[in-house]
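# Architecture and fold: a report
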Amino acid sequence: MAFFAKPQNYSISGKITSNNQALPFASIFIKGSTIGVSSNEEGSYKIELAPANYTLVFQYVGFKRKEVTLSVTENQTLNIDLQNDGISLSEVVVKAGEDPAYNIIKKAIKKRHYYLEQVKMYSCQSYIKGLQRLKYIPNRLKKIIKATSGEKIDSSKLGVIYLSESESNYFFEAPDKEKEIMFSSRISGRSNAFSFNQLRQMKFNFYNNFISIRSVSDRPFISPLNANALMYYKFYLLSSTKDANSTIHKIKVSPKRKTDPCFTGIIYIEDSLWRITSLDLEINTNQKLNFIDTLKIKQLFTNINDSVLMPVNFNFNFSFKVFGVTGNGYFNAIVKNYNLKPIIKKDFFNNEVFVIQDSANKKDSSYWLKNRPLPLTSEEKKDYRKKDSAEKIHNTTIYKDSIDANRNKFRIANIFMGYSYYKTKSKISFEIPGILTNGLQYNTIEGVNIISKIKFSKSYENYKSHIIDATARYGFANYLWGGAVTYNYHYNPKKFAHIIASFKNIVEQFNKQEPIMPLVNSLYTLLINDNFLKLYKETGGEIKHTFELANGLYVESVASYYKRDALQNKSFNVIIDDKSKWFTSNNPIFPNSDYLAFTSNNALCMQLSLTYRFKQKYISAPYRKIITGKRFPRFNLTYQKALPYMGSTVSYDFITAMAYNEINWGLLGRTGIRLKGGYFLSNDNMYFMDYKHFLTNQTIAQTNDYLSSFKLMPYYLYSTNNWFAEAHAEHSFNGFIFNKIPLLKKIKAQEVIGFHYLKNDKINNYTEINFGIENIWRVIRIDYIISKTNNGAWNNGFTFGLNFGL
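Residues numbered from 1 in each chain as written. Predicted model: local features only at pLDDT ≥ 70, side-chain atom pairs only at ≥ 80, totals over all residues. Heavy atoms only, no water.

Moving on to the overall build of the protein. Check the secondary structure of the protein and you find ten helices and 43 strands. Judged by the C-alpha coordinates and their principal axes, the protein covers about 100 × 70 × 55 Å. Put simply, the protein has 806 residues, and 50% of those count as buried. In the protein, the share of contacts with a sequence separation of at least 24, taken over all contacts with a separation of at least 6, comes to 60%. About 39,400 Å² of surface is accessible on the protein, with carbon and sulfur atoms providing 58% of the total. In the protein, the 104 positive side-chain charges and the 66 negative ones have mean positions that sit 3 Å from each other. (Helix = DSSP H or I, 4+ residues; strand = E, 2+ residues; numbered from the N terminus. Buried < 20%, exposed > 50% of the residue type's maximum accessible area, 1.4 Å probe, protein only. Contact = heavy atoms within 4.5 Å. Areas by Shrake-Rupley, 256 points an atom, 1.4 Å probe, with all protein chains shown as cover. Lys, Arg positive; Asp, Glu negative; His and termini not counted. Charge placed at Lys NZ, Arg CZ, Asp CG, Glu CD.)

Right, dumping it as structure tokens:
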């Protein structure tokens, strides 16, 4: 019997530098293939090769590539020094006449569509490493954290806060079908977690007109090869150098206006073929980024065959400063094993765009030592050793109990901010409010009232959970106690399935959408003598079941039984007394009458709701499903029926429909559209809380959803038990205009315009148009609104509020 030993692999390792400076994330691959590795952040690399003769290609964006032929028969050290491929940016001199770069860019733009459509289908394999560091935490923030949680923040909290590695197989079919399957994942100090590194989020194609990075900016960024790039960019030819059998043009790109959504940096174009060979670009605070200050993007391409170049290295470097906290990090992707003719099953591509295999986080350190295509830096090695060792301790019962004992200690701050109790081992938490987090309010029905909420939660490793919320409420003027308990069982995270049961004896607004914020009402009542809030008491319970029937199709069913009792004003206190005003009654139908709004009644109601998200994309992860990208068109159909049984005196049938969509117009911004309509098929016996009410506002504070609400409409004036048609549209320009105005540009303000319309049996036409400034210091929004009713009455006003996007 003969035994054949598998040939031993040998390692070729070393450091890639230029003038003794390390070159991080340089690309090293075997000539004629896409098999290769990358240098780490310190410039070190290591590649395992079977005995044979090879030509290794060393590449780094902005440097001349270097080829080294060697015979692999043993472990070798091979240090490489790369030479800069041209003059530095500081040496650029703009000469009279058009720079030659413009002619090169024009030719590249003409070839843009060709290279966008050149590859119809491909598959590849990627390795991604991500690292994030904290560099500085201001002392005032350290003190706040210590006061509220008891945790001491010292230098040990600085340094690496996130380190992960992953491998995945990626599949693509033109024009936009894609799927990525992660088969290995590692996160430092979190062996049971999964990385969310995704090649599909890094592989920006600069042949597209726009590069959308929604995580850092609402605006898309203009590619240097955009069809209209000459309107936005300045181009400078820095050098033209021979590379193998071609000439590569090194071109500096910069925005004509520094705040335009454009990149700054270098793009390399191959002569004659006019295609990108590599790029080194960045965006920064001039582009009004969210959460980060600077993002640097590098891409390096190599030949897959004689006619096709594909990227083999993607690198993101970023820095951030948030509330004085500073840090930086990177994500680096190495791509190999391109197949331009993969065999893919017909139904392989669907709305599932990313799959994390259950076994992905089961790979041990020996696997990563063998398969990692770049060596760890000394910082990364230290982080793995420290956190993986600490994890073993942190998972012990003794450690978890000691941590809980510390953070469960009662502190003076808990009196004001509330107290939380944790049992980490059992994944249990319990929260009670403090003086400042208890709801202390005033209205004319209850007078001064206090609301206190407690919460209990129990979660599991499979993302199932139990949550109990309890609320207690007391009105000092009407001596009315109230309370509510809600139990939420999240029993199937892959189907977003919940069973929710609630029981209550508490006051509610007539409009269940709660358009009137209690704090705003308190201020208006006490200071301006406008008591907008109208309440009644509701006693009973309901049970709700929600789940996803098929991808994007959600079903919600509700059954409820409540006793409803009318309430009257019991308090008439004010801080500033306007003698010309009288409080209105708690009767929204007849606000100048003190009669009760309705007689006590019981209501047995059923509701069935279907919601469909078109083309819903999602991630399949162990134990759960995650929606990715939330701006799909949506349609909702809801049927409500009140049954005159079991002592119920309410009887009606009501059907409503809603459609929502968002349209992205590129640089011109995005438009949100929501259309609603409804009809009472029967309305035999109804009370005012059963009517269709609208999201309205009569205050200067805008607290409702901007897209779905009316800003100047009186609260209950047009409520109906017949029919309605409603339309809302808002367009955010994402700074397209304000970006050119210095002051507004500095505060990152963006312009918005909206249209809101209502028609029903109570009003023939009600129209609002709003002109707004949003995103002031990222969260503040101001609107000027004009409204008109069918009788020609005009109204106008301002509102202020917080806004985090459409």
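Next comes the rest of the account.
For the rest of this paragraph, the subject is the pairing of strand 23 (residues 419–423). Sheet topology note: the strand 23/strand 24 (residues 428–432) ladder contains five bridges and is antiparallel. By the bridge assignment, Tyr421 is partnered in strand 24 with Phe430. If you look at the hairpin formed by strand 23 and strand 24, you'll find four residues sitting between the two strands, and Lys427 has a positive phi there, around 55 degrees. (Pairing = 2+ DSSP bridges.)

Moving on, we get to the confidence of the model for the protein. Mean pLDDT over the protein: 91, with 95% of residues reaching 70 or higher. This stretch, residues 1–5, has a pLDDT under 50; its non-local contacts, to residues over four places away or in other chains, come to zero contacts. Within the model, pLDDT remains below 50 along residues 87–94, and this stretch shows eight contacts once partners closer than five positions in the same chain are excluded. (pLDDT = per-residue confidence, 0-100.)

Glancing now at unusual backbone geometry. A cis amide bond links Ala174 with the next residue in sequence, Pro175, at an omega value of 5 degrees. Within the element layout of this structure, Pro175 appears in the loop between strand 11 (159–173) and strand 12 (177–187). At Phe25, a position not held by glycine, the phi torsion is positive, near 65 degrees. Non-glycine residue Asn337 carries a positive phi angle of around 55 degrees. Along the chain, Asn337 turns up in strand 21 (residues 325–339). Given a relative accessible area of 37%, Asn337 falls into the partly exposed group.

The four strands are arranged 4-3-6-7 in an open sheet whose pairing can be described as antiparallel. Strands at the two margins of the open sheet, each flanked by one partner only, are strand 4 (36–38) and strand 7 (66–72). Within this sheet the neighbouring strands show an average axis-to-axis angle of 20 degrees, counted without direction. Direction of pairing for strand 6 (residues 52–59) relative to strand 7: antiparallel, over a ladder of seven bridges. Each residue of the ladder has a partner; that of Asn53, found in strand 7, is Ser71. (Axes fitted to C-alpha atoms, helices over the stretch in contact; angles between N-to-C directions.)

This next bit is on the side chain of Arg634. When you line up the elements, Arg634 lands in strand 35 (residues 634–643). At 8.1 Å, Asp705 is the nearest oppositely charged side chain to Arg634, a buried residue that forms no salt bridge. Not counting chain neighbours up to four residues away, the residues in contact with Arg634 comprise Tyr612, Arg613, Phe614, Met658, Ala659, Tyr660 and Arg674. (Salt bridge = Lys/Arg side-chain N within 4 Å of Asp/Glu carboxyl O.)

On to a positive patch on the surface. Judged by side-chain charge, Lys381, Lys382, Arg385 and Lys386 come together as a positively charged surface patch. Since its relative accessible area comes to 56%, Lys382 is described here as exposed. (Patch = residues over 30% accessible without salt bridge, like charges linked within 9 Å, V, L, I, M, F, W, Y side chains within 5 Å.)

It is worth spelling out the packing of aromatic side chains at this point. With the rule as written, the count across this model stands at 42 aromatic pairs. Plain terms: the ring middles of Phe221 and Phe263 are 5.8 Å apart, the flat faces sit at 50 degrees to each other, and that makes the pair tilted. Of this pair, Phe221 sits in strand 14 (residues 221–222) while Phe263 sits in the loop between strand 16 (246–255) and strand 17 (264–270), placing them 42 residues apart in sequence. Taken as a pair, Phe221 and Phe263 share a single burial class, namely buried. (Phe/Tyr/Trp six-rings, centres within 6.5 Å; stacked < 30°, edge-to-face > 60°.)

Turning our attention to the pairing of strand 29 (residues 497–509). Counting buried positions along strand 29 yields ten of 13 residues, so the element is predominantly enclosed. Bridge count between strand 28 (residues 480–492) and strand 29: nine bridges; the pairing is antiparallel. Each bridged residue has a counterpart across the sheet, and for Val485 the counterpart in strand 29 is Phe503. From the end of strand 28 to the start of strand 29, which pair antiparallel, there are four residues, and Phe496 there has a positive phi angle of about 50 degrees. Examined bridge by bridge, strand 29 and strand 30 (residues 535–550) share twelve bridges and lie antiparallel to one another. Bridge assignment links Glu508 to a residue of strand 30, and that residue is Tyr536.

A few words now on the pattern of salt bridges. In the structure shown here, the tally under the stated rule is 35 salt bridges. Of the charged contacts in the structure, one is a salt bridge between Glu48 and Lys46, with a shortest N-O distance of 3.8 Å. Overall, Glu48 belongs to the partly exposed group, its relative accessible area being 39%. Look at Lys46 and you get partly exposed, because its relative accessible area is 37%. For Glu774, the salt bridge goes to Arg781, with nearest N and O atoms at 3.8 Å. Note on Arg781: relative accessible area 0%, which makes it buried.

Okay, helix 9 (residues 518–528) next. Among all positions in helix 9, only Val520, Asn521, Ser522, Tyr524, Thr525 and Leu526 are buried. Where helix 9 ends, the next residue or the one after it, Asn529, has phi of about 70 degrees, a positive value.

Next up on the list: the environment of Lys298. Looking at the secondary structure, you find Lys298 in strand 19 (residues 294–303). Each C-alpha atom of the pair Lys298 and Thr703 lies 42 Å from the other, and the pair is 405 residues apart in sequence. Here the side chain of Lys298 touches Tyr60 through a polar contact of 2.8 Å, side chain to side chain. (Polar contact = N/O pair within 3.5 Å; in protein donor to acceptor, adjacent residues only side chain to side chain.)

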